[in-house]
Amino acid sequence: MSENPTPPSPPPVPSSLHYSTEKPAAKRGNGSGWILALALIQFIGGLVMYAMMISKVPASDPGAIGVLITTVGLAAIFFGLWVWGRQHPFPALLTALIVFVTFHLLDAVFDPLSLLRGILMKIVIIVGLSTALKKAYVAKREKELAAPPVM
Amino acid sequence: MSESEMSVPPRERVDGTPTTRPEPAGEPTAIPMPVAHTTDPVMDERAQIEREFRDVQRVCFFYVAMLLPVLVGTAWQFHTKSDDFVHEFYTGAALYGVIVAFALAWRREWVDLLRRPDALSRGLTGFLLATPVCTVALAHGLGEWGEAIGLPVADLLEGFGEGGYPLWLLFVWTGLLPPLFEEIAFRGLLLRKLQRLMKPVHAIWVSSLLFGLIHFSVLSMAVFLVPLAVIAGYITRRTGSLVPAIWLHAAHNFGVLILALSADRAA
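Analysis parameters
- Residues numbered from 1 in each chain as written.
- Chains lettered and ligands numbered in written order.
- Predicted model: local features only at pLDDT ≥ 70, side-chain atom pairs only at ≥ 80, totals over all residues.
- Heavy atoms only, no water.
- Contact = heavy atoms within 4.5 Å.
- Buried area = accessible area lost by both parts, 1.4 Å probe.
- Salt bridge = Lys/Arg side-chain N within 4 Å of Asp/Glu carboxyl O.
- Helix = DSSP H or I, 4+ residues; strand = E, 2+ residues; numbered from the N terminus.
- Nonpolar A, V, L, I, M, F, W, Y, C, P; charged D, E, K, R; others polar.
- Patch = residues over 30% accessible without salt bridge, like charges linked within 9 Å, V, L, I, M, F, W, Y side chains within 5 Å.
- Areas by Shrake-Rupley, 256 points an atom, 1.4 Å probe, with all protein chains shown as cover.
- Buried < 20%, exposed > 50% of the residue type's maximum accessible area, 1.4 Å probe, protein only.
- Expected span 1.5 Å × (residues − 1).
- pLDDT = per-residue confidence, 0-100.
- Core = buried A, V, L, I, M, F, W, Y, C linked by side-chain atoms within 4.5 Å.
- Phe/Tyr/Trp six-rings, centres within 6.5 Å; stacked < 30°, edge-to-face > 60°.
- 1 Å grid on protein atoms, 1.4 Å probe; cavity = no way out; pocket = protein on both sides within 12 Å on 5 of 7 lines; lining within 4 Å.
- Points joined across faces, edges and corners; volume = space filled by probe spheres on them.

**Points about the interface of chain B and chain A**
Interface size is commonly expressed as the accessible surface area that is lost when the partners come together.
Here is step 1 of the chain: Facing 34 residues of chain B, the contacting portion of chain A comprises 31 residues.
Here is step 2 of the chain: Carbon and sulfur atoms make up 81% of the surface buried where chain B meets chain A, a total of about 3,000 Å² over both sides.
Here is step 3 of the chain: Interface area lost by chain B to chain A is led by Ile 49, Phe 53 and Val 218 of chain B, which between them contribute 18%.
Here is step 4 of the chain: Close ionic contact of Glu 52 of chain B with Arg 141 of chain A constitutes a salt bridge, the shortest N to O distance being 2.6 Å.
Here is step 5 of the chain: Per-element tally for the side of chain B that touches chain A: the top contributor is helix 2 (residues 41–80) of chain B, with 16 residues.
Here is step 6 of the chain: Per-class residue counts for the side of chain B that touches chain A are 24 nonpolar, five polar and five charged.

**Focus: a nonpolar patch on the surface**
Residue and element names in this part refer to chain A.
Here is step 1 of the chain: Judged by side-chain polarity, Leu 113, Leu 115, Leu 116, Ile 119, Leu 120, Ile 123 and Val 127 come together as a nonpolar surface patch covering roughly 680 Å² of accessible area.
Here is step 2 of the chain: Relative to the assigned elements, Val 127 resides in helix 4 (residues 119–146).
Here is step 3 of the chain: On the basis of relative accessible area, Val 127 is assigned to the partly exposed category, the value being 48%.

**Describing the pattern of salt bridges**
Residues and elements named next belong to chain B.
Here is step 1 of the chain: Summed over the entire model, instances satisfying the criterion amount to twelve salt bridges over all chains.
Here is step 2 of the chain: The partner of Asp 112 in a salt bridge is Arg 192, and the shortest N-O contact between them spans 2.7 Å. Here Arg 192 lies in helix 6 (residues 167–197) and Asp 112 lies in the loop between helix 4 (107–110) and helix 5 (122–149), a separation of 80 residues in the sequence.
Here is step 3 of the chain: Judged by relative accessible area, which is 39%, Asp 112 ranks as partly exposed.
Here is step 4 of the chain: According to the relative accessible area criterion, Arg 192 is partly exposed, its value standing at 21%.

**Remarks on unusual backbone geometry**
Here is step 1 of the chain: The backbone of Phe 216 of chain B shows a phi angle near 60°, a positive value even though the residue is not glycine.
Here is step 2 of the chain: Looking at the secondary structure, you find Phe 216 of chain B in the loop between helix 7 (200–213) and helix 8 (218–239).

**Remarks on helix 2 of chain B**
Here is step 1 of the chain: For helix 2 of chain B, built from 40 residues, the straight-helix expectation of 58 Å at 1.5 Å per residue is met to within 8% by its first-to-last C-alpha distance of 59 Å.
Here is step 2 of the chain: One or two residues past the end of helix 2 of chain B sits Lys 81 of chain B, with phi positive at roughly 55°.

**Quick look at the confidence of the model for chain B**
Do not read the fine detail of predicted coordinates wherever pLDDT is low.
Here is step 1 of the chain: Summary statistics for chain B give a mean pLDDT of 82 and a share of 79% for residues scoring 70 or more.
Here is step 2 of the chain: Within chain B, the element-level pLDDT minimum falls on helix 1 (residues 3–7) of chain B, averaging 46, and the maximum on helix 7 of chain B, averaging 95.

**Concerning the nonpolar core**
Here is step 1 of the chain: Formed by 81 residues in total, the largest nonpolar core has its most connected members in Ile 35 and Phe 78 of chain A together with Tyr 63, Met 66 and Phe 186 of chain B.
Here is step 2 of the chain: The contacts of Ile 35 of chain A, once residues within four sequence positions are left out, are Phe 78, Leu 81, Trp 82, Ala 92, Leu 93, Ala 96 and Leu 129 of chain A.
Here is step 3 of the chain: Core analysis: the next-biggest nonpolar cluster, separate from the first, contains eight residues, Ile 231, Ala 232, Ile 235 and Leu 248 of chain B among them.

**A closer look at the packing of aromatic side chains**
Here is step 1 of the chain: Within the structure shown, the criterion is met by 15 aromatic pairs over all chains.
Here is step 2 of the chain: Look at Phe 90 of chain A and Tyr 137 of chain A: their rings are 5.0 Å apart centre to centre, the planes differ by 50°, and that puts the pair in the tilted class. Of this pair, Phe 90 of chain A sits in helix 3 (residues 89–110) while Tyr 137 of chain A sits in helix 4, placing them 47 residues apart in sequence. Neither residue differs from the other here; Phe 90 of chain A and Tyr 137 of chain A are each classed as buried.
Here is step 3 of the chain: When the ring of Tyr 96 of chain B is compared with that of Phe 181 of chain B, the centres are 4.3 Å apart and the planes differ by 10°; the resulting orientation is stacked. Of this pair, Tyr 96 of chain B sits in helix 3 (residues 85–105) while Phe 181 of chain B sits in helix 6, and the two are 85 residues apart along the sequence.
Here is step 4 of the chain: You can call Tyr 96 of chain B buried: its relative accessible area is 10%.
Here is step 5 of the chain: In textbook terms, an aromatic cluster arises when at least three aromatic residues are bridged by ring pairs, as seen for Trp 76, Phe 89, Tyr 90, Tyr 96, Trp 173 and Phe 181 of chain B.

**Thoughts on the layout of surface pockets**
The probe, sized like a water molecule, is rolled over the atoms to show the empty space still left.
Residue and element names in this part refer to chain A.
Here is step 1 of the chain: Of the pockets and cavities examined, the second largest pocket occupies roughly 620 Å³.
Here is step 2 of the chain: In terms of lining residues, the second largest pocket is bounded by 22 residues, among which Pro 89, Ala 136, Ala 139, Lys 140 and Lys 143 are the most central.
Here is step 3 of the chain: If you tally residues by element for the lining of the second largest pocket, the top one is helix 4, at nine residues.
Here is step 4 of the chain: Class assignment of the residues belonging to the lining of the second largest pocket gives a composition of eight nonpolar, six polar and eight charged.

Next comes the structure, spelled out in structure tokens:
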């Protein structure tokens with residue numbers, strides 16, 4: 001009598017179907033979320049400031065319109081930097097950090113006490129942007145150094 | 001097999017290739033030579049990246065150093081309600097001093113840009129002639145619109161006429177010196193530093209945004225400052241010379257000045 005034939009080996013399982021017990025690594029952002037947060041804060045803050053001003057002066061007051069244009073314009077700059085930062089975070093973060101610091105220093109020229117208003121949030125934003133900037137640069141350079149040299 | 005036989009490795013492998021001769025049991029083994037120290041490539045790479053990142057800090061430091069005299073001058077003008085040319089003179093002198101100091105410290109980075117450009121193509125020449133016309137028109141239009149809706153518009157001639165200063169001083173101070181020093185600062189120093197850190201296109205955009213930012217006007221930034229700076233940056237990179245960018249900027253400033261003087265005389 002013949003021996004029991006060995007059962008055929010199962011077909012190889014594609015690697016995409018392999019079951020892994022390891023948790024997938026958390027998807028890391030590239031830091032541009034900080035710029036989006038700045039854009040939203042600036043936009044909402046600008047509208048609130050304009051609303052507060054027009055409660056005391058007419059809506060067509062040049063000073064109020066100037067404040068609205070400046071704050072909404074700044075929000076538009078940050079929004080544009082966020083869109084840019086989704087693909088290229090390093091230059092966008094560098095620009096956003098410098099824009100943020102510049103406008104707050106300029107604000108302090110006209111109203112020195114404005115530096116103290118929301119100081120904690122300003123510190124958090126500056127530290128966050130600086131850290132994100134460093135990480136974005138390191139990630140960019142590591143990617144460039146790991147890439148095969150162009151012949 | 002006895003224990004002593006087991007401790008001695010075989011002199012031949014199964015396939016017949018000889019192994020190293022085993023040391024006889026009982027004799028002391030030689031002290032191994034210390035392994036030569038090999039650099040860790042990962043640590044070297046990280047150290048290199050850290051060194052490169054210092055250029056980012058230098059860029060920020062340079063920008064803040066330029067910003068400080070402008071902020072101090074603005075504060076002085078605002079809080080003393082002074083519209084005299086003197087405060088502009090001191091502000092400008094301080095700013096140009098900062099630019100000269102950094103230009104000397106970083107001269108190897110940018111000094112090769114101080115050369116005549118190679119022969120410009122017709123397209124590029126046309127571009128150089130048309131751009132100031134467009135930017136002057138945009139600046140003038142923005143000023144007219146701002147005045148019409150009552151926005152505070154910067155007066156180029158503010159405090160100048162009352163002081164009895166000669167007209168040539170106005171042209172030199174507003175039309176000639178700012179283009180020279182600002183182009184050295186932004187298209188010379190800043191653009192060169194940024195090009196070490198990012199792609200040239202990104203470096204041009206970042207230096208242009210910072211150029212617009214230091215003028216402290218969001219609308220002007222959007223309408224003509226950033227476009228002028230982007231074009232100047234592109235031309236600097238294309239020609240390898242600062243001269244066309246200085247010409248572009250000077251032509252823009254002269255055009256705006258002439259229009260302001262004409263409007264002032266008409267009024």
